[in-house]
Amino acid sequence: MLLDLMKTHLLIAMLLTLGMSACTARSSGNSDAEAKGADPKKFIEEVNESLLKLNIEGSQAGWVSETYITDDTSALNARSNQRVIEATERFAKDAVRFDKVEATPDLRRELDLLKVSLVMATPSDPKESEELTRIAANLDAQYGKGKWCPDPKKPESCLDINKITDVMRDSRDEKQLRQVWEGWHTISPPMRKDYARFVELSNKGARELGFPDSGAMWRAKYDMPPDAFTKEVDRLWDQVRPLYLKLHAYVRMKLHDRYGDIVLPNGPIPAHLLGNIWAQDWSNIYKLAAPANADPGYNLTDILKRHKTTPIDMVKTGERFYTSLGFAPLPQTFWERSMFVKPRDREVVCHASAWDIDFADDLRVKMCIQPTDEDFKTIHHELGHNFYQRAYKDLPLLFRDSANDGFHEAIGDTIALSVTPEYLVKIGLLDKAPDASRDIGLLLDKELEKIAFLPFGLLIDQWRWKVFSGEIKPEDYNKAWWDLRLKYQGIAPTFLRREEFFDPGAKYHVAANVPYTRYFLAFILQFQFHRALSQAAGCTLPIHRCSIYQSPDAGKRLNAMLSMGLSRPWPEALEKIAGTKQMDATAILDYFKPLDAWLDEQIKGKPIGW
Ligand SMILES: [Zn+2]
């Protein structure tokens, strides 16, 4: 569910949209004298009131623009987004005024959250601010318009990222894959100069807010010193690295069998052969990697089709999952206002997303549901966002978000992990759960998605943090990128990628300046949540077979965390669900244990690492 969106995290989601105000209304001054008369309570009340109003307008405009795409709805949406961003930036900079003013712990937290809510801070110099805003919008637009045209004389042959994705998914022709890979990476070299300037100016803005650089500003969101957070991420990676190395060795062996010496038996894996343009999700090459008898013993898509399951049936089934845990049913408006089916008469954004229009009860899902295995899991995932949103709706506005930005995605995925064969039996879709002999297929498929992602989820910001801090200089952008991809992923290009290229810019989140560590955290946390909730549910099966369906005990634990929102540091929220304040990747090892022994067998005597 990596790409799905959770709409309307209050500030953060909005701030992903670039194009901040050029002329920032600065606070009238930062002097302590002035601060003496300032009342933080009044300030936060004003912030809450103003941002609530602007954000509701923003979500309404966003909803209409995505479910009824026209030039006008897009323009309205862009305008209201701009208003939210401008206001947030103004308030974030204003919040600095209260640094030395006495405030209750809750108020202090709200002020702090405001200060770290920006993804990009513009410098106070109006000229520089305008330049930064323009560059950021350009980088985003350049990516969005990115196309590779194999034959420039034939525009119809041009491939955008969707078509590139299709080829990477479906083709096993090494030459074609390499061509398409190189083709897509031609979109980013023109971004290179702009990106260096963008780094310079956004760092300047971050320093004005009191952060050493933009990367430190991003890391400051995690309730711990930025450097401690860097160490924490490394620690989690060390826990799962041995498992990744085995998966890497196994997949490399299979790719060597398929492609011969293009894949060296003991070297890094070529970047273009893993079924995904960034090699961040390998599940598209499942068939190539799976052993002969690895089918899971049932096909959920076939079952749903046989049952003539409708989109509404699928959503109702998802809702029943949550009510079985003790959550109240979704409000009537959810059913009236959501979009479950692709309309026949107009353009819409089909990409699944969960919305929280009024930050209270107006919850919605937007999705073009098909009766497939994937959509069945996705609807369980999306509803996770909605139930989270409702659980924290009574908190002050600035606390209406997940405990950190990894938590929201992790919750949806946690519930999706409960969509097990045993669950399908309970809800009458499957007669009998397949026995343990089918686990290899089920788990290998999941490892290719979840474990393969981890090093990628980590390295994007490893690169950016170092770029922002100046440790990576502009003249080494590409070299440093590939050094990290080699170090963490064990992946390399099969051809020289020197500094005439700018390969990081061919990834959306770099061009659009969206922080990425949240996805790494979400992939770690979901297994920790799943293990803890399965224990609360009294599940005695291996945890990859546990579902928390119909467990009010698990539901109680889950709700204890969800209802905290962002009101307390995330380790306290984690403790509610997992009984510990530390993130812990060992749940991943538990989950994949049966596959681990099998992998050991497969790669016996083969090289590990690169
Ligand atoms: Zn999601």
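Computed from a predicted model, the values in this text were never measured in an experiment.

1. Overview of the overall build of the protein
- Scanning the protein for helices and strands turns up 26 helices and 5 strands.
- Relative to the compact-globule value of 25 Å for 610 residues, the protein shows a C-alpha radius of gyration of 24 Å, a close match.
- Residues classed as buried in the protein amount to 58% of the 610 residues present.
- Taking the intrachain contacts of the protein between residues at least 6 apart in sequence as the baseline, contacts between residues at least 24 apart amount to 78%.
- Carbon and sulfur atoms make up 51% of the accessible area of the protein, which totals about 24800 Å².
- Looking at charge distribution, the protein has the averaged site of its 81 positive side-chain charges lying 2 Å from that of its 87 negative ones.

2. Focus on the packing of helix α19 (residues 439-469) against helix α20 (residues 477-489)
- Where α19 meets α20, the closest approach of the two axes is 10 Å, and the angle between their N-to-C directions is 150 degrees. Seen from above, α19 lies across α20 with right-handed handedness. Contacts from Pro455, Phe456, Leu458, Leu459, Ile460, Gln462, Trp463, Lys466 and Val467 in α19 reach Tyr477, Ala480, Trp481, Leu484, Arg485, Tyr488 and Gln489 in α20.
- Here the residues of the contact of α19 with α20 are counted per class, giving 12 nonpolar, 2 polar and 2 charged.

3. Considering the state of the cysteines
- Summed over all chains, the structure comprises 3 disulfides.
- The disulfide that involves Cys539 links it to Cys546, with 1.9 Å between the sulfurs. A torsion of -85 degrees about the S-S bond marks the disulfide between Cys539 and Cys546 as left-handed.
- Judged by its relative accessible area of 23%, Cys539 falls in the partly exposed class.
- Bonded cysteines in the protein are paired 1-2, 3-4, 5-6 when counted in the order they occur along the chain.

4. Digging into the nonpolar core
- Formed by 156 residues in total, the largest nonpolar core has its most connected members in Tyr195, Phe198, Val251, Leu255, Trp282, Phe407 and Trp463.
- The biggest single contributor to this core is α19, with 16 residues.
- When near neighbours in sequence (up to four residues on either side) are disregarded, Leu255 contacts Gly260, Val263, Ile269, Leu273, Leu274, Ile285 and Leu288.
- By size, the runner-up hydrophobic cluster in this structure holds 18 residues, among which are Ala87, Phe98, Leu107 and Leu111.

5. A look at the pairing of strand β4 (residues 363-366)
- The alternating pattern of β4 places Leu363 and Val365 on one face and Arg364 and Lys366 on the opposite face, and all of these are buried.
- Hairpin geometry of strand β3 (residues 353-356) and β4 is characterised by an intervening segment of 6 residues between the two adjacent antiparallel strands and by a positive phi of about 60 degrees at Phe359.

6. Details of the packing of aromatic side chains
- Counted according to the given criterion, the structure contains 42 aromatic pairs.
- A centroid spacing of 5.6 Å and a plane angle of 85 degrees characterise the contact between Tyr143 and Trp184, whose relative ring orientation is edge-to-face. Linking Tyr143 in helix α6 (residues 126-144) with Trp184 in helix α8 (residues 174-184), this pair joins segments that are 41 residues apart in sequence. Comparing Tyr143 with Trp184, the two get one shared label, buried.
- When the ring of Tyr222 is compared with that of Phe229, the centres are 4.0 Å apart and the planes differ by 0 degrees; the resulting orientation is stacked. Side by side, Tyr222 and Phe229 carry an identical accessibility label, which is buried.
- Aromatic ring contacts, followed pair by pair, group Tyr195, Phe198, Trp463, Tyr477, Trp481 and Phe502 into a single cluster.
- Taking NZ or CZ as reference, Lys316 lies 4.0 Å from the ring centre of Trp335, over its face.
- Residue placement shows Arg497 over the ring face of Phe501; its charged tip is 3.6 Å from the ring centre.

7. A look at the pattern of salt bridges
- If you walk through the whole model with that rule in mind, you get 36 salt bridges.
- Two residues, Asp345 and Arg346, come together in a salt bridge whose shortest N-O distance is 3.9 Å.
- Judged by relative accessible area, which is 28%, Arg346 ranks as partly exposed.
- Among the ionic pairs, Asp461 bridges to Arg464, the shortest N-O distance being 2.7 Å. Of this pair, Asp461 and Arg464 both sit in helix α19, 3 residues apart, which is roughly one turn of the helix. Each member of the pair Asp461 and Arg464 is classed as buried.
- Through salt bridges with shared partners, one network takes in Glu131, Arg197 and Glu200.

8. Observations concerning the environment of Val116
- For Val116, the location among the structural elements is in the loop between α5 (105-115) and α6.
- Measuring from C-alpha to C-alpha, the distance between Val116 and Leu486 comes to 32 Å, with 370 residues separating the pair along the chain.
- For Val116, the contacting residues outside a window of four places in its chain are Phe211, Ala220 and Lys221.

9. Quick look at the environment of Asn81
- The residue Asn81 is located in helix α4 (residues 71-95) in this model.
- Overall, the relative accessible area of 11% leaves Asn81 in the buried class.
- Sequence separation between Asn81 and Ser59 is 22 residues, and the spatial gap between their C-alpha atoms is 8.7 Å.

10. Some points on α6
- Taking 1.5 Å of rise per residue, the 19 residues of α6 would be expected to cover 27 Å, and the 27 Å separating its terminal C-alpha atoms lies within 8% of that figure.
- Buried residues along α6 sit in contact with α7 (161-170), α8, α9 (192-208) and α21 (508-511).
- The N-capping residue of α6, defined by a side-chain oxygen 2.9 Å from the backbone nitrogen of Lys127, is Asp125.

11. Regarding the side chain of Arg172
- On the secondary structure map, Arg172 appears in the loop between α7 and α8.
- No salt bridge is formed by the buried Arg172; its nearest oppositely charged neighbour, Asp170, is found at 6.1 Å.
- Here Asn284 takes part through its backbone oxygen, which lies 2.8 Å from a polar atom of the side chain of Arg172.

12. Concerning the packing of helix α17 (residues 405-417) against helix α23 (residues 552-562)
- Interhelical geometry of α17 versus α23 gives an angle of 165 degrees and a closest axis separation of 12 Å. Here α23 runs roughly antiparallel to α17, going by the angle between their axes. Note on packing geometry: the crossing formed by α17 with α23 is left-handed. Of the residues in α23, those touching α17 at Phe407, Ile411 and Ile415 are Leu558, Met561 and Leu562.

13. A short note on α20
- Taking 1.5 Å of rise per residue, 13 residues should cover 18 Å, and α20 covers 18 Å from first to last C-alpha, within 8% of that figure.
- Buried residues in α20 make contact with α8, α9, α11 (226-259), α19 and β5 (491-492).

14. Observations concerning the environment of Lys41
- Locating Lys41 in the fold gives a position in helix α3 (residues 40-67).
- Once the C-alpha coordinates of Lys41 and Glu128 are considered, the two residues, 87 residues apart in sequence, prove to be 33 Å apart.

Criteria and cut-off values
- Residues numbered from 1 in each chain as written.
- Predicted model: local features only at pLDDT ≥ 70, side-chain atom pairs only at ≥ 80, totals over all residues.
- Heavy atoms only, no water.
- Helix = DSSP H or I, 4+ residues; strand = E, 2+ residues; numbered from the N terminus.
- Rg over C-alpha atoms; globule rule 2.2 N^0.38 Å.
- Buried < 20%, exposed > 50% of the residue type's maximum accessible area, 1.4 Å probe, protein only.
- Contact = heavy atoms within 4.5 Å.
- Areas by Shrake-Rupley, 256 points an atom, 1.4 Å probe, with all protein chains shown as cover.
- Lys, Arg positive; Asp, Glu negative; His and termini not counted.
- Charge placed at Lys NZ, Arg CZ, Asp CG, Glu CD.
- Axes fitted to C-alpha atoms, helices over the stretch in contact; angles between N-to-C directions.
- Left-handed = near helix turned anticlockwise from the far one by under 90°.
- Nonpolar A, V, L, I, M, F, W, Y, C, P; charged D, E, K, R; others polar.
- Disulfide = S-S within 2.5 Å.
- Core = buried A, V, L, I, M, F, W, Y, C linked by side-chain atoms within 4.5 Å.
- Pairing = 2+ DSSP bridges.
- Phe/Tyr/Trp six-rings, centres within 6.5 Å; stacked < 30°, edge-to-face > 60°.
- Lys NZ or Arg CZ within 6 Å of the ring centre and 35° of its normal.
- Salt bridge = Lys/Arg side-chain N within 4 Å of Asp/Glu carboxyl O.
- Expected span 1.5 Å × (residues − 1).
- Polar contact = N/O pair within 3.5 Å; in protein donor to acceptor, adjacent residues only side chain to side chain.
- Parallel < 35°, antiparallel > 145°, perpendicular 65-115°, else oblique.

Interpretation in functional terms is not warranted from these geometric data alone.
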